[in-house]
Amino acid sequence: MSHRLPLLASQREVWLGQQIDPGSSVYNLGFYVPLSGKALRPALEGALRKALSETDALHVSFAEETGTPYQVIDWPTAWSVREIDTSGEADPEAEALAWMRADAATPIDLSRFPTFASALIRTGQDSYWWYQRFHHITLDATACMGFAARVIELLERPDAPVMSADDISDASITLLLDAEDDYRASADFTADENYWKAHAAGGYPRTGLGSAPPAPPAQFPLRHSVQLSPQVRASLIDVCDKAGVLWPTIAFGAVAAYLHLYSGMTDITLSVPVRARTDARTNTVPGMTVNILPLRLTVHGGMTLHSLIPRVTAELDSLLLHQRFRGEDLRRHIRGRNGDARLFGPTVNAITADAGDSTPTFICGGPVEEFQFQFMGGLDCQQLGIELLANPAIYSPDVLDSHGNQFHAVLEQLLEQPDGRLARAAGLVSADPQSDLGFGSSSRLGGTAESDVLSKAPDDVDGPELRVSRASITERLSGIWQHILETDDVGVDDHFFDLGGHSLLAMDVISAMETEFQVRISVHQFFNHPTVRELVDLVLDAAEDGAPDGADGSILDAVADLSDAEAAELLTRLRSDGSASGEVRT
């Protein structure tokens with residue numbers, strides 16, 4: 001029997017982002033686990049079916065009615081595990097990785113079951129990988145890891161008991177929905193709201209490793225691994241023992257110290273993913289509840305790692321105490337002062353999970369907006385893994401490697417000299433405001449010179465019912481901005497989001513431009529060219545070429561600060577106009 005349920009707050013943001021760009025795969029999660037010995041598809045499929053029978057969050061499909069999305073839980077069984085054999089290829093593992101990456105890049109139809117895919121890949125005579133793909137709207141990364149652990153357990157112990165009907169009801173997504181409703185109606189919600197509004201007073205400083213405007217989030221980010229020597233691991237254990245903390249506290253402190261050394265800023269804000277669960281009953285329920293909140297720290301060169309640790313501990317304790325208040329609500333609260341959706345600085349993801357042969361290796365673990373420091377390992381620190389992830393639309397591989405090497409050097413010095421002043425590590429970090437992006441001088445950084453544009457496009461361009469000139473386009477487009485942003489103070493090089501713009505207003509500008517100039521500008525293009533001068537270039541190019549330059553992309557930033565009413569309005573627009581991917585019209 002099917003059940004129709006509303007969406008969790010975290011699911012609604014993902015749903016809206018997917019509807020704006022239905023051809024995107026950026027919300028797909030894909031991982032693989034090497035299986036020891038010979039593996040047979042029936043055994044894997046049997047373990048998967050048992051694990052799925054315990055996970056109603058994966059028995060869902062999604063739809064919407066009058067702009068309001070909902071999910072339907074049903075129990076169909078029409079799915080199977082694919083078999084892939086790359087063992088005969090010159091490089092079987094490389095071929096397997098290529099196949100998985102291609103599958104993970106496949107858009108998922110959320111209106112139909114299953115929203116997941118499974119495969120058994122043979123890479124050698126007795127070498128197999130289990131591959132699994134989910135959509136982020138159903139599970140977050142932590143839930144994926146829990147599901148993987150359960151499948152491996154059922155593979156290794158085929159006679160292991162499966163949850164009873166009563167047990168399954170205690171692991172249902174309905175518990176998460178009920179807990180969210182209870183929280184929103186409680187005094188805890190009011191207390192959390194007051195805490196975060198006070199915390200955000202005056203806004204947050206823009207802490208970053210680059211100065212590029214927002215770009216579409218990356219599904220397959222650039223990666224740089226940091227390998228800790230046995231001596232450094234021993235130093236990490238010693239620092240944790242003496243300070244009475246676990247390694248995540250050290251991780252947050254080390255990243256904050258690195259950002260201070262790189263940028264010179266003393267007010268550092270990090271983006272921290274949390275589970276937004278605080279009670280034992282919902283803690284193990286599979287589902288999507290991840291929340292991103294700011295960790296704000298004061299860091300200066302006179303501090304030491306030992307003196308920084310208590311500050312991190314205090315701020316982290318406060319964050320976790322108030323972790324159920326949604327980061328999207330906080331963004332909406334302060335968006336009038338800063339429309340840049342990247343409010344909280346680079347992401348620092350500290351995942352405490354015992355590493356081992358059955359630990360999933362993620363091909364894609366969720367959208368990477370800009371830059372992410374990822375730490376994963378058991379609490380004993382022995383197998384702690386560190387990766388730096390970067391959006392390739394913003395950072396080059398060389399720049400990522402530079403940050404990775406510099407962070408590694410800073411981390412080692414902090415751990416080996418925890419009582420040494422942070423300023424002593426300044427020589428390990430070099431900052432170049434241009435090279436930190438991996439781009440030279442371009443329109444993304446400073447706009448294209450007017451003389452360059454005029455040399456490549458005529459001053460007047462004729463088109464159907466359209467005669468345009470740079471001066472007239474600039475004047476008319478500035479008027480559109482003034483009307484939509486409700487301000488007379490618009491300069492040709494002003495950033496749209498610095499003027500108080502946000503995602504829904506951006507879509508209104510795009511629609512007005514299409515009407516005014518009879519050209520189609522995608523959301524992706526707007527986010528990459530968010531000034532009047534750059535948009536005039538796009539209009540001239542479109543008028544000359546007859547088509548916009550560049551394909552659209554998914555826009556996680558575009559939906560981060562929409563209220564429920566705005567989300568419903570946007571979905572209504574999409575449904576009524578039948579707009580194509582990323583092209584929203586009114």
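Scroll up to find the structure this text is about.
Attention in this report is confined to the structure presented alongside it. (Residues numbered from 1 in each chain as written. Predicted model: local features only at pLDDT ≥ 70, side-chain atom pairs only at ≥ 80, totals over all residues. Heavy atoms only, no water.)

**Section: the packing of helix 8 (residues 230-243) against helix 13 (residues 397-416)**
Here comes step 1: Remark: helix 8 packs on helix 13, axes separated minimally by 9 Å, with the N-to-C direction vectors making an angle of 50 degrees. Taken together, the axes of helix 8 and helix 13 lie oblique to each other. For the element pair helix 8 and helix 13, the recorded crossing hand is left-handed. Counted together, Val232, Ser235, Leu236 and Val239 of helix 8 and Glu412, Leu415 and Glu416 of helix 13 form the full contact between these two elements.
Here comes step 2: Here the contact of helix 8 with helix 13 is composed, by residue class, of 4 nonpolar, 1 polar and 2 charged. (Axes fitted to C-alpha atoms, helices over the stretch in contact; angles between N-to-C directions. Helix = DSSP H or I, 4+ residues; strand = E, 2+ residues; numbered from the N terminus. Parallel < 35°, antiparallel > 145°, perpendicular 65-115°, else oblique. Left-handed = near helix turned anticlockwise from the far one by under 90°. Contact = heavy atoms within 4.5 Å. Nonpolar A, V, L, I, M, F, W, Y, C, P; charged D, E, K, R; others polar.)

**Describing the environment of Gln413**
Here comes step 1: Structurally, the position occupied by Gln413 is in helix 13.
Here comes step 2: Placed 12 residues apart in sequence, Gln413 and Ala425 show a C-alpha to C-alpha distance of 7.1 Å.
Here comes step 3: When residues no more than four places from it in sequence are discounted, the contact partners of Gln413 are Arg424, Ala425 and Leu428.
Here comes step 4: Among the polar contacts made by the side chain of Gln413, one reaches the main-chain carbonyl oxygen of Arg424 at a distance of 3.4 Å. (Polar contact = N/O pair within 3.5 Å; in protein donor to acceptor, adjacent residues only side chain to side chain.)

**Looking at the sheet that holds strand 3 (residues 60-65)**
Here comes step 1: Spatially, 3 strands are ordered 1-4-3 in an open sheet, and the strand pairing comes out antiparallel. The strands lining the two open edges of the sheet, one partner per strand, are strand 1 (3-5) and strand 3. Each strand of the sheet is rotated relative to its neighbour by a mean of 30 degrees, with strand direction disregarded.
Here comes step 2: Where strand 1 and strand 4 (residues 68-73) come together, 3 bridges link them in antiparallel fashion. (Pairing = 2+ DSSP bridges.)

**Things to note about a negative patch on the surface**
Here comes step 1: Together, Glu89, Asp91, Glu93 and Glu95 make up a region of like negative charge exposed at the surface.
Here comes step 2: You can call Glu93 partly exposed: its relative accessible area is 42%. (Patch = residues over 30% accessible without salt bridge, like charges linked within 9 Å, V, L, I, M, F, W, Y side chains within 5 Å. Areas by Shrake-Rupley, 256 points an atom, 1.4 Å probe, with all protein chains shown as cover. Salt bridge = Lys/Arg side-chain N within 4 Å of Asp/Glu carboxyl O. Lys, Arg positive; Asp, Glu negative; His and termini not counted. Charge placed at Lys NZ, Arg CZ, Asp CG, Glu CD. Buried < 20%, exposed > 50% of the residue type's maximum accessible area, 1.4 Å probe, protein only.)

**Here's the deal with the nonpolar core**
Here comes step 1: Judged by nonpolar contacts, the single largest core of 66 residues is most densely connected at Leu270, Phe373, Phe375, Ile386 and Phe407.
Here comes step 2: Considering every element that reaches this core, the biggest residue donor is helix 9 (residues 247-263), with 12 residues.
Here comes step 3: Not counting chain neighbours up to four residues away, the residues in contact with Phe407 comprise Ala254, Val255, Tyr258, Phe373, Phe375, Ile386 and Leu388.
Here comes step 4: By size, the runner-up hydrophobic cluster in this structure holds 53 residues, among which are Ala51, Val81, Leu177 and Met376. (Core = buried A, V, L, I, M, F, W, Y, C linked by side-chain atoms within 4.5 Å.)

**Here we look at the side chain of Ser118**
Here comes step 1: Mapped onto the elements, Ser118 comes out in strand 6 (residues 117-124).
Here comes step 2: Within the structure, the side chain of Ser118 is placed 2.8 Å from the side chain of Gln132, a separation counted as a polar contact.
Here comes step 3: The contacts of Ser118, once residues within four sequence positions are left out, are Leu48, Trp79, Ser80, Val81, Arg82, Tyr131 and Gln132.

**Details of the packing of helix 9 against helix 11 (residues 305-321)**
Here comes step 1: Two numbers describe how helix 9 lies on helix 11: the axes approach to 9 Å, and their chain directions differ by 110 degrees. Considering their axes alone, helix 9 and helix 11 lie roughly perpendicular with respect to each other. The interaxial crossing formed by helix 9 with helix 11 has right-handed handedness. Note on element contacts: helix 11 touches helix 9 through Leu308, Ile309, Val312, Thr313 and Leu316, opposite Thr249, Ile250, Phe252, Gly253 and Ala257.
Here comes step 2: In terms of residue class, the contact of helix 9 with helix 11 is made up of 7 nonpolar, 3 polar and no charged.

**As for the packing of aromatic side chains**
Here comes step 1: What the rule picks out here adds up to 22 aromatic pairs.
Here comes step 2: With centroids separated by 5.7 Å and ring planes inclined at 35 degrees, the aromatic side chains of Phe189 and Phe325 adopt a geometry described as tilted. With a gap of 136 residues between them, Phe189 in helix 7 (residues 187-199) and Phe325 in the loop between helix 11 and helix 12 (327-334) connect regions that are remote in the sequence. The same class applies to Phe189 as to Phe325, namely buried. (Phe/Tyr/Trp six-rings, centres within 6.5 Å; stacked < 30°, edge-to-face > 60°.)

**Focus on helix 9**
Here comes step 1: Here helix 9 contains 17 residues, and its C-alpha end-to-end distance of 24 Å stays within 8% of the 24 Å for a straight helix at 1.5 Å per residue.
Here comes step 2: In terms of burial, helix 9 is largely enclosed, as 16 of its 17 residues are buried.
Here comes step 3: Gly264 sits one or two residues past helix 9 and shows a positive phi near 80 degrees. (Expected span 1.5 Å × (residues − 1).)

**Structural notes on the pattern of salt bridges**
Here comes step 1: One pass over the structure, following the stated rule, counts 21 salt bridges.
Here comes step 2: For Arg41, the salt bridge identified is with Glu45, shortest N-O distance 2.9 Å. Note that Arg41 and Glu45 are positioned in helix 2 (residues 41-53) at a spacing of 4 residues, about one turn of the helix.
Here comes step 3: Exposure remark for Arg41: the relative accessible area of 27% places this residue in the partly exposed category.
Here comes step 4: The exposure class of Glu45 is buried, given its relative accessible area of 12%.
Here comes step 5: Glu153 is paired through a salt bridge with Arg157; the nearest N and O atoms lie 3.2 Å apart.
Here comes step 6: Since its relative accessible area comes to 31%, Glu153 is described here as partly exposed.
Here comes step 7: Because the salt bridges share partners, they merge into one network encompassing Arg41, Glu45, Arg49 and Glu83.

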